[in-house]
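Given next are the chains, with one letter for each unit.
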Amino acid sequence: MTAVNRCWCLALLLIGLCALPALADETLPGVSIIWDTDMDTDCDDVGALAMLHALADAGEAKILATVVSSHYPYSAPCVEAINRYHGRGDLPIGAAKQPGAPIDRGSRYARAIAERYDTTLTTNDDADDAVDVYRRVLAAAPDRSVVVVTVGYVTNLRYLLKSKPDQHSDLDGRSLVKQKVARWVCMGGRYPEHLDPRVYGNFKPDPAAIVEAAANWPTTIYFSGMGADVGTGRTRGKLPADHPLRVAYDLYLGDKPTRPSWDQAATLFAVRPNAPYWKLRKTGSNHIFENGTNRWVDEPNLARHVLVEYAADPREVIQQLTQTIESLMTRPPAGKR
Ligand SMILES: [Ca+2]
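Since this is a predicted model, take the numbers as computed values, not measurements. (Residues numbered from 1 in each chain as written. Predicted model: local features only at pLDDT ≥ 70, side-chain atom pairs only at ≥ 80, totals over all residues.)

1. Considering helix α3 (residues 75–85)
Taking burial as the measure, the 11 residues of α3 include 10 buried ones, the bulk of the element. Tucked inside the fold, the buried residues of α3 contact β1 (31–37), α2 (44–57), β2 (61–68), β3 (93–95), α4 (110–116) and α9 (244–253). (Buried ≥ 20, exposed ≤ 12 C-beta atoms within 10 Å, placed from the backbone. Helix = DSSP H or I, 4+ residues; strand = E, 2+ residues; numbered from the N terminus. Contact = placed C-beta atoms within 7 Å.)

So, in structure tokens, the structure goes:
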């Protein structure tokens, strides 16, 4: 190869490297996510969904569906409004319709966001059954390709596991999950233990659901309780006044600067499992008591139960996570830059 050719090769290589980000959306499949949220009490769901859309814009995630576990009537329309704001108004949306715990804990922001935007859903009643959405989306997905993320109650997964063969698939729910789902990332519980039944979380409103799902889920469950020290939302004042994240955080927080990032941490782990923020505890299992409290125990040692924890120096990781999440969840949607 002549010196001139070497220069040309180097130049073409550099041009190719520079072009990589532009190609990301088309060439990288991203992590396929079904995102299951309560979207009612806490505003971190709004931050996590905004962040997930930013990761999808970057080609790191592919959002297959957004489903709701809350019975608060404006949770599903709120999810649709956020999806529309981020240019994905056609994403499948499901809502909890099965018998069981009809959890409605109200919301300071979901109705305001739902009514501020032009949505096809007026209330959760207009949405499909979340279990039907799960089955439809899973049946169409390649084997072992889907990552399920729950940042709310586990009601929908309980009924997905119980579901029967239907027009979408000849498989029952557990077999369908086993064939299609790579892993479940579950935000809920505290670690190593959380034994106070008075403090709300994702497990206690429907404890039977998490007890059943944690016992019967046929692929690996990654439990996350991280995020309490990751305060985000500080820069929301720089966003447009109609940005759903700014609206939700202002309604929830008032003048307070930040809110913990439990849902963002779990969602970020789902998309970036190899990031340096986390380490995995692969021994032991998550024992969930009948009232929804929990403890990480040595026995039984279940390979299906993995605990996600901060890696290395938690203070440093928390600082890095805070910056990363704040940046991602306030990034302008791809169509609005
Ligand atoms: Ca949540």
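Let us keep going from here.
2. Focus on the packing of helix α6 (residues 155–162) against helix α7 (residues 173–180)
One can describe the packing of α6 onto α7 by two numbers: an axis separation of 5 Å at closest approach and a directional angle of 105 degrees. Taken together, the axis directions place α6 and α7 in an arrangement best described as roughly perpendicular. Counted together, Leu160, Leu161 and Lys162 of α6 and Gly173, Arg174 and Val177 of α7 form the full contact between these two elements. Here the contact of α6 with α7 is composed, by residue class, of three nonpolar, one polar and two charged. (Axes fitted to C-alpha atoms, helices over the stretch in contact; angles between N-to-C directions. Parallel < 35°, antiparallel > 145°, perpendicular 65-115°, else oblique. Nonpolar A, V, L, I, M, F, W, Y, C, P; charged D, E, K, R; others polar.)

3. Concerning unusual backbone geometry
In this model, Tyr191 is joined to Pro192 through a cis peptide bond whose omega is 15 degrees. Topologically, Pro192 is positioned in the loop between β6 (181–187) and β7 (193–194). The backbone phi angle of Met39 is positive, close to 40 degrees, even though this residue is not glycine. Checked against the element boundaries, Met39 lands in the loop between β1 and α2. Unlike most non-glycine residues, Ala312 shows phi in positive territory, near 50 degrees.

4. Observations regarding the sheet that holds β1
As summarised here, the arrangement of the nine strands in space is β4-β3-β2-β1-β5-β6-β8-β12-β9, forming an open sheet in which the pairing is mixed. The sheet is open, and its two borders are formed by β4 (128–129) and β9 (278–281), each paired with just one other strand. Bridge count between strand β8 (residues 220–224) and strand β12 (residues 305–310): four bridges; the pairing is parallel. In the sheet register, Ile221 faces β12, and the bridge partner there is His305. Across the sheet, helix α10 (residues 262–271) touches β1, β2, β5 (146–150), β6, β8, β9 and β12, and the angle it forms with β6 is around 160 degrees. (Pairing = 2+ DSSP bridges.)

5. Considering the pairing of β2
With respect to burial, β2 is a largely interior element, seven of its eight residues being buried. Pairing geometry for β1 and β2, over seven bridges, is parallel. Residue pairing in the sheet places Ile34 in a bridge with Ala65 of β2. With α2 bridging β1 and its parallel neighbour β2, the resulting β-α-β unit is right-handed. Note that β2 and β3 share three bridges and pair parallel. Within β3, the position partnered with Val67 by the bridge is Gly94. (Right-handed = clockwise from strand over helix to strand, strands pointing away.)

6. Concerning the packing of α2 against α9
For the pair α2 and α9, the least separation of the axes is 9 Å and the interaxial angle reads 165 degrees. What the angle tells us is that α2 and α9 run roughly antiparallel. The element α2 and its partner α9 pack so that their crossing is left-handed. For the pair formed by α2 and α9, the contact residues are Val46, Gly47 and Ala50 on the first element and Pro244, Leu245 and Ala248 on the second. Class assignment of the residues belonging to the contact of α2 with α9 gives a composition of five nonpolar, one polar and no charged. (Left-handed = near helix turned anticlockwise from the far one by under 90°.)

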